[in-house]
Amino acid sequence: KQKIAVMTSGGDSPGMNGVVRAVVRMAIHMGCDAYCVYEGYEGLVQGGSYIKKTEWDDVRGYLGIGGTYIGTARCMAFYERPGRLTGAKNMILNGINALIICGGDGSLTGADKFRAEWPSLVEELVSTGQLTKEQVEPYKKLNIVGLVGSIDNDLSGTDATIGAYTALANICEAVDKIESTATSHSRAFVIEVMGRHCGWLALMAGVAIGADFIFIPEKPREDNWQQEMCDVVKKHRDWGKRKTIVIIAEGAMDRHGSKITPDMVKDLLADKKGLALDTRISSLGHLQRGGPAGAYDRMLATLQGVEAVKAVLDAAQAVKEGKPQPETCVITINENKITRQPLMAAVAATQQVAKAIEAQDFDKA
Ligand code: ATP
């Protein structure tokens, strides 16, 4: 019997609860036992009450709740082999033979490392006398599947990550509110949104709310960006607009890799010798990722959670038939179809883009 555990890891995103619900219920539906690992990799390393068998009713009501009920954490111990060794031991002691992880690229990198190391971890557990040969016998292979939970929509190989569309809707809702006060006072607002290496949220929010100007990491501004922005804002004001909205992603920068900050933009808009606009900064922060998941993310979490269990069972079946274990996959969505991609290729491509943006190598990015 397959014992499938689900875990949420890294930064939380709306829809993670939907993933947990879908995995638990699909696992049970397919005749497997379902487990939750609490607090991400920390729970795997701690073991004990952090790993709990989960029943159908335990996840009732999860779809409509934001964040992750089973907790998430950053776990330093899992970066090191001894932490992963303890994690492997706890999995075996709980009889778990498959792990579904919902997190960002860091969490998925950890997952890949864990699977690659698995045979040697099992060997070490036996050679150090922590477990017997008989105990580890059914756990020679680890079955891992990834799901991408992130508001940044920053994973290569998928059109949407779980949580991104909810965060986008949260930004739009917040900006609508800001706009009514901005219009009343004829003010300018510089709105900072999340996205260190990926400007998807800033760009899409800019389009969705009709921002006057947008700064994203993928389009570093030329040396004359100050003039360019002021010209655009002045033109819009001359057309009779009473409000100015500038959206800036966390990772915004100029051609030379220098950060463009909300303060810099504000000072420019407020400059008495220039536009002299009454300007405020609003950093939306965690409001972007809080609250219940929107319809799209509930749907994505459910369909992808179901697909993750199917991928686990396909891999288990292949091994049972003596075929090679399929490559670890991450569940994606492409052109509205739920798909599977090789996990490490997707993570490597994502990290390459992030590095290229940092290094200002935009052909590679
Ligand atoms: P976010 O996109 O929100 O940052 P993330 O999944 O990328 O999410 P990280 O903090 O990078 O978040 O990773 C979460 C956890 O995954 C880490 O605390 C660590 O336990 C594990 N992890 C990340 N990278 C590795 C790695 N290279 N090797 C082993 N474990 C890792």
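Here, every reference points to the structure presented above.
Residues numbered from 1 in each chain as written. Predicted model: local features only at pLDDT ≥ 70, side-chain atom pairs only at ≥ 80, totals over all residues. Heavy atoms only, no water.

> An account of the nonpolar core is requested, with residue identities and associated values reported.
The biggest cluster of nonpolar side chains holds 32 residues, and the ones touching the most others in it are I4, V6, V19, V20, I100 and V145. Mapped by element, the contributors of at least two residues to this core are β1 (3-8), α1 (16-29), β2 (33-37), β4 (98-103), β5 (143-148), α10 (295-320) and β10 (329-334). Judged by nonpolar contacts, the second largest core, of 28 residues, contains A5, I51, A88 and I96. (Core = buried A, V, L, I, M, F, W, Y, C linked by side-chain atoms within 4.5 Å. Buried < 20%, exposed > 50% of the residue type's maximum accessible area, 1.4 Å probe, protein only. Helix = DSSP H or I, 4+ residues; strand = E, 2+ residues; numbered from the N terminus.)

> If you had to explain the site of the ligand to someone new, which residues and values would you point to?
Taken together, 16 residues lie around the ligand, and G11, R74, C75, G106 and S107 are the ones closest in. Between the ligand and D105 there is a distance of 3.3 Å, counted from an oxygen atom to a side-chain nitrogen or oxygen. Between the ligand and the protein, one listed contact pairs an oxygen atom with a backbone N or O atom of G106 at 2.8 Å. Taking 630 Å² as the accessible area of the ligand by itself, protein coverage stands at 85%. The cavity that encloses the ligand is the largest pocket. Partitioned by chemical class, the residues of the shell around the ligand number four nonpolar, eight polar and four charged. (Near = heavy atom within 4 Å. Polar contact = N/O pair within 3.5 Å; in protein donor to acceptor, adjacent residues only side chain to side chain. Areas by Shrake-Rupley, 256 points an atom, 1.4 Å probe, with all protein chains shown as cover. 1 Å grid on protein atoms, 1.4 Å probe; cavity = no way out; pocket = protein on both sides within 12 Å on 5 of 7 lines; lining within 4 Å. Sits in = over half its atoms within 2 Å of the grid points. Nonpolar A, V, L, I, M, F, W, Y, C, P; charged D, E, K, R; others polar.)

> Go over unusual backbone geometry, please, and point to the residues and values.
Even without being glycine, E39 reaches a positive phi, approximately 60 degrees. Residue placement: E39 occurs in the loop between β2 and α2 (40-46). Using a relative accessible area of 31% as the deciding quantity, one classes E39 as partly exposed. Located in the positive-phi region is S186, a residue other than glycine, with phi close to 55 degrees. As for its position among the elements, S186 is in the loop between α6 (164-185) and β6 (188-193).

> Break down helix α9 (residues 262-270) for me, with residues and values.
Every buried residue of α9 is listed here: P262, V265 and L269. Viewed along the axis of α9, the buried residues span an arc of 65 degrees, placing them on a single side of the element. Of the surrounding elements, those touching the buried residues of α9 are β6, β7 (213-215), α8 (225-238), β8 (244-249) and β9 (279-283). (Arc of directions from axis to C-beta. Contact = heavy atoms within 4.5 Å.)

> Lay out the packing of aromatic side chains with the relevant residues and their values.
Counting across every chain of the model gives eight aromatic pairs. Ring geometry for F78 against F114: centres 5.2 Å apart, planes inclined by 65 degrees, an arrangement best described as edge-to-face. Placement of the pair is F78 in the loop between β3 (51-54) and α3 (81-93) and F114 in helix α4 (residues 105-127), with a sequence separation of 36 residues. The pair formed by F78 and F114 is uniform in burial state, with each residue classed as buried. Arranged with centres 5.4 Å apart and planes meeting at 85 degrees, the rings of F215 and W225 form a pair that is edge-to-face. Placement of F215 in strand β7 and of W225 in helix α8 is noted, with a sequence separation of 10 residues between them. (Phe/Tyr/Trp six-rings, centres within 6.5 Å; stacked < 30°, edge-to-face > 60°.)

> Give a description of the pattern of salt bridges that names residues and reports values.
With the rule as written, the count across this model stands at 19 salt bridges. The residue R187 makes a salt bridge to D278 at a minimum N-O spacing of 2.8 Å. With R187 in the loop between α6 and β6 and D278 in the loop between α9 and β9, this pair connects stretches of sequence that are 91 residues apart. Using a relative accessible area of 15% as the deciding quantity, one classes R187 as buried. For D278, a relative accessible area of 35% puts it in the partly exposed group. When the shortest N-O distance is used, the salt bridge between R280 and D278 registers 3.3 Å. Shared partners join several salt bridges into a network, and the residues in it are R81, R84, E117 and E124. (Salt bridge = Lys/Arg side-chain N within 4 Å of Asp/Glu carboxyl O.)

> Explain the sheet that holds β10 to me, using residue names and the numbers behind them.
Here we have seven strands laid out as an open sheet, ordered β3-β2-β1-β4-β5-β10-β11, and mixed in their pairing. Every interior strand has two partners, whereas the edge strands, β3 and β11 (337-342), have only one. The average undirected angle you get between the axes of adjacent strands in this sheet is 30 degrees. The pairing of β1 with β4 spans five bridges and is classified as parallel. Note on β4: the bridge partner recorded for I4 is A98. (Pairing = 2+ DSSP bridges. Axes fitted to C-alpha atoms, helices over the stretch in contact; angles between N-to-C directions.)

Limitation: the analysis is restricted to geometry and does not speak to function.
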